[in-house]
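Residue-level listing of the chains:
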Amino acid sequence: MTDNKENRIVTKDLNVWIGKNHILKDVNIGIPPRGITVILGPSGCGKTTLLKTFNRLIDLVDGVKVRGTVLLDGTDVYHNTQDIEGVRKKMGLLCQRPTPLPMSIYDNVIYGLWVHGERSRKALDRKAEIYLKKVGLWAEVHDRLTDPATKLSLGQQQRLCLARGLAVEPEVILCDEPTSALDPTSSRKIENMLRELKSVYTIVLVTHTLRLAELLADHVIFIYGGRVVEQGDADQVFNNPTKKLTKAFMVGEIS
Amino acid sequence: MISKKGWDRIYERLLTVPSLIVVSVFISMFAFLIYRSLPILESKSLGHILLSSRWNPDRGSFGLFPMIIGTILVTVIAMVIAVPISIFSAIYISEYAPRSVKSTIKSIIDVLAGIPSVVYGMCAILVLVPLVSDHVGPFFGVDTTGYSVLTAGITLSVMIFPIIISICVEAFQSVPLTLREASLTLGATKWETVKYVVFRKASPSVYSSILLGFGRAFGETMAVAMVIGNLPFVPRSVFSPATTIPAIIATTYGEMMSLPLFDSAIMFSALLLLIIVVIFNILAKVVIMKYSR
Ligand SMILES: Nc1ncnc2c1ncn2[C@@H]1O[C@H](COP(=O)(O)OP(=O)(O)OP(=O)(O)O)[C@@H](O)[C@H]1O
Ligand SMILES: [Mg+2]
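Reading the values: the criteria
- Residues numbered from 1 in each chain as written.
- Chains lettered and ligands numbered in written order.
- Predicted model: local features only at pLDDT ≥ 70, side-chain atom pairs only at ≥ 80, totals over all residues.
- Heavy atoms only, no water.
- Near = heavy atom within 4 Å.
- Polar contact = N/O pair within 3.5 Å; in protein donor to acceptor, adjacent residues only side chain to side chain.
- Areas by Shrake-Rupley, 256 points an atom, 1.4 Å probe, with all protein chains shown as cover.
- Helix = DSSP H or I, 4+ residues; strand = E, 2+ residues; numbered from the N terminus.
- Nonpolar A, V, L, I, M, F, W, Y, C, P; charged D, E, K, R; others polar.
- Pairing = 2+ DSSP bridges.
- Contact = heavy atoms within 4.5 Å.
- Axes fitted to C-alpha atoms, helices over the stretch in contact; angles between N-to-C directions.
- Salt bridge = Lys/Arg side-chain N within 4 Å of Asp/Glu carboxyl O.
- Buried < 20%, exposed > 50% of the residue type's maximum accessible area, 1.4 Å probe, protein only.
- Expected span 1.5 Å × (residues − 1).

**Q** I would appreciate a short explanation of the site of ligand 1 in the present structure.
**A** Residue and element names in this part refer to chain A. Surveying the vicinity of ligand 1 reveals the residues Ile 18, Ile 23, Ser 43, Gly 44, Cys 45, Gly 46, Lys 47, Thr 48, Thr 49, Val 61, Glu 177 and His 208. Separating an oxygen atom of ligand 1 from a side-chain N or O atom of Ser 43 is a distance of 2.5 Å. The contact in question runs from an oxygen atom of ligand 1 to an N or O atom on the side chain of Thr 48, over 2.5 Å. Starting from 640 Å² of accessible surface for ligand 1 in isolation, the protein chains cover 60%. It is helix α1 (residues 47-54) that provides the largest number of residues to the shell around ligand 1, a total of three residues. Counted by class, the shell around ligand 1 contains four nonpolar, six polar and two charged residues.

Below, the structure written as structure tokens:
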């Protein structure tokens with residue numbers, strides 16, 4: 001899987017330390033360009049850390065040390081001359097809890113476009129409408145676009161964050177437990193959207209809940225204690241796991 | 001035996017006493033100042049007191065206009081200098097400084113905030129007054145002793161740096177990491193993130209720090225009285241000496257006892273100061289409430 005040239009994101013011997021803690025150990029994975037790749041593993045195994053190494057959000061962590069390689073479409077994300085903003089723009093991020101920026105609903109959606117230099121009111125209006133429609137929020141908010149985004153419900157905020165991420169036209173969507181803070185209906189909406197989006201985007205979904213993984217995964221990477229235990233097609237990993245640890249996790253013996 | 005509930009009630013009663021003391025002190029100060037201001041208000045019109053530029057107690061002229069203008073000018077100069085410098089240094093300290101530098105600067109600022117104003121006044125006399133009279137004034141082609149509105153304004157600005165900086169640093173640092181991450185993942189640069197997200201999120205605190213600084217500048221007495229020259233005239237330029245409401249109160253106290261109207265005029269100045277400070281505080285509350293929805 002890792003050597004497949006087709007893979008959009010590839011890591012080679014990736015090791016991450018935070019302070020003296022060795023968080024990720026010799027991670028070699030490949031993420032195919034289409035479908036949903038679920039990074040699965042118990043709480044604290046390093047899933048979020050791995051996700052953040054992809055778009056270099058890990059750089060914000062104090063005392064972090066990253067060794068090894070992360071390739072995005074074959075280019076080294078950690079190369080000295082890498083345009084970090086460019087890398088990040090290619091990868092949208094949806095967090096566990098919605099992160100509305102301290103501005104209006106409208107300004108949230110167009111924020112990315114704005115910082116990338118789009119100044120035409122007409123174009124911004126059009127994009128705002130397109131992406132709010134895409135996440136099914138347009139009907140709910142079109143008459144109060146200037147309200148602060150924090151006035152929306154959590155579920156609406158999460159869809160707003162998705163719209164905001166999609167508006168900068170990324171190629172990859174990174175999701176870190178995007179539904180765990182939401183009510184069942186809102187979760188369902190997000191799940192359905194990810195399913196729709198997976199034909200166009202590379203989707204990486206981090207979760208520790210097996211149910212969600214089984215529901216959405218096309219590919220699975222199972223991590224335990226900072227190491228990749230097993231990776232492959234969802235069918236194979238769920239139904240015929242080759243490693244004892246994976247089996248144990250699937251039947252709920254470890255979590 | 002007093003029951004647990006009984007004790008609870010007793011504590012509740014006892015704990016209201018301190019706040020009652022505070023409130024009654026404030027109210028009696030207010031009442032006292034009003035009472036002592038009555039003589040001047042009865043013999044002169046309010047408009048005359050506030051707008052006349054003639055302050056000559058021996059001849060019975062009690063126009064406060066020069067002090068009002070002096071106070072406003074000094075405060076405005078202080079704010080114009082202090083606000084941008086403080087906000088930008090707070091941004092640097094919070095967002096850009098390496099960790100070791102950060103903690104050093106923060107403790108220096110805490111020390112600065114605790115220095116008594118008379119020390120600032122002394123340093124201003126030793127450094128700033130000669131600088132203004134020998135260099136700044138001549139540069140603008142103005143003859144000045146250095147004891148001036150500008151000197152007082154600059155001194156005040158230095159005194160309010162620590163207030164604004166420490167509140168802003170606190171506010172910037174409390175902006176959650178997830179918000180910064182949200183902005184960065186959309187491809188924003190660090191500066192854009194600071195400008196559009198961190199600063200905006202922290203803006204209610206930034207406003208309140210500015211208002212607090214303003215209050216400090218407005219009421220500051222000692223340092224201003226030491227460097228402003230204390231002349232009760234409307235200053236012709238920022239290089240002229242002048243005086244402020246707090247400074248006139250401090251510098252004329254004692255000599256005023258013999259003239260009843262003089263005493264009353266000074267009491268009225270104090271009342272004016274108090275009223276402005278109260279209005280200012282109410283305004284600050286309103287502004288903050290409006291911005292921190
Ligand atoms: N900023 C940090 N400083 C120190 N240790 C950290 C930091 N962030 C994460 N860690 C440690 O790294 C390990 C992995 O954390 P990570 O957040 O990646 O786990 P996770 O798999 O996402 O867990 P969860 O499912 O609970 O979100 C944990 O043991 C955690 O304590
Ligand atoms: Mg996590």
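After that view, the rundown keeps rolling.
**Q** How should the sheet that holds strand β4 (residues 64-72) of chain A be read in this particular structure?
**A** Backbone hydrogen bonds hold the strands of a sheet together, and the pairing may be parallel or antiparallel. Residues and elements named next belong to chain A. Spatial ordering of the open sheet is given by β2-β1-β4-β5, a layout of four strands whose pairing is antiparallel. At either end of the open sheet lies a strand with only one pairing partner, and these are β2 (21-31) and β5 (75-76). Relative to β2, strand β1 (residues 9-18) is paired through seven bridges, and the arrangement is antiparallel. When the bridges of β2 are listed, Leu 14 appears paired with Val 27. With respect to the sheet, α1 is in contact with β1, β2 and β4, its orientation differing from that of β2 by roughly 60°.

**Q** Looking at this structure, I do not really get the pattern of salt bridges. What am I missing?
**A** It is possible for side chains bearing opposite charge to pair when their charged atoms get close. On inspection of all chains with the given rule, the structure shows 15 salt bridges over all chains. A:Arg227 is the salt-bridge partner of A:Asp26, the closest N and O atoms lying 3.9 Å from each other. Of this pair, A:Asp26 sits in strand β2 while A:Arg227 is found in strand β10 (residues 227-233), placing the two residues 201 residues apart along the sequence. Look at A:Arg227 and you get partly exposed, because its relative accessible area is 43%. The salt bridge involving B:Asp263 is made with B:Arg36; its shortest N-O contact spans 3.1 Å. Taken together, the residues span a long stretch of sequence, with B:Asp263 in helix α11 (residues 260-291) and B:Arg36 in helix α1 (residues 4-43) at a distance of 227 residues. A residue is classified by how much of its surface remains accessible, and B:Asp263, at 9% relative accessible area, is buried. Within the structure, one salt-bridge network assembled from shared partners comprises A:Arg8, A:Asp73, A:Lys90 and A:Glu171.

**Q** I tried to follow helix α6 (residues 154-167) of chain A on my own but got confused; where do I start?
**A** All names here are of chain A. Given a rise of 1.5 Å per residue, 14 residues ought to cover 20 Å, and the 20 Å separating the end C-alpha atoms of α6 matches this to within 8%. Of all 14 residues in α6, 13 are buried; the element is thus mostly enclosed. Following α6 by one or two positions, Glu 169 has its phi on the positive side, about 55°.

**Q** Please explain unusual backbone geometry as it appears in this structure.
**A** In terms of backbone geometry, most residues other than glycine have negative phi values and most peptide bonds are trans. Residue and element names in this part refer to chain A. With a phi angle near 45°, Asp 26 is a residue other than glycine that sits in the positive phi range. According to the relative accessible area criterion, Asp 26 is partly exposed, its value standing at 42%. Positive phi, close to 55°, is recorded for Glu 169, a residue that is not glycine. Looking at Glu 169, the relative accessible area reads 48%, which means it is partly exposed.

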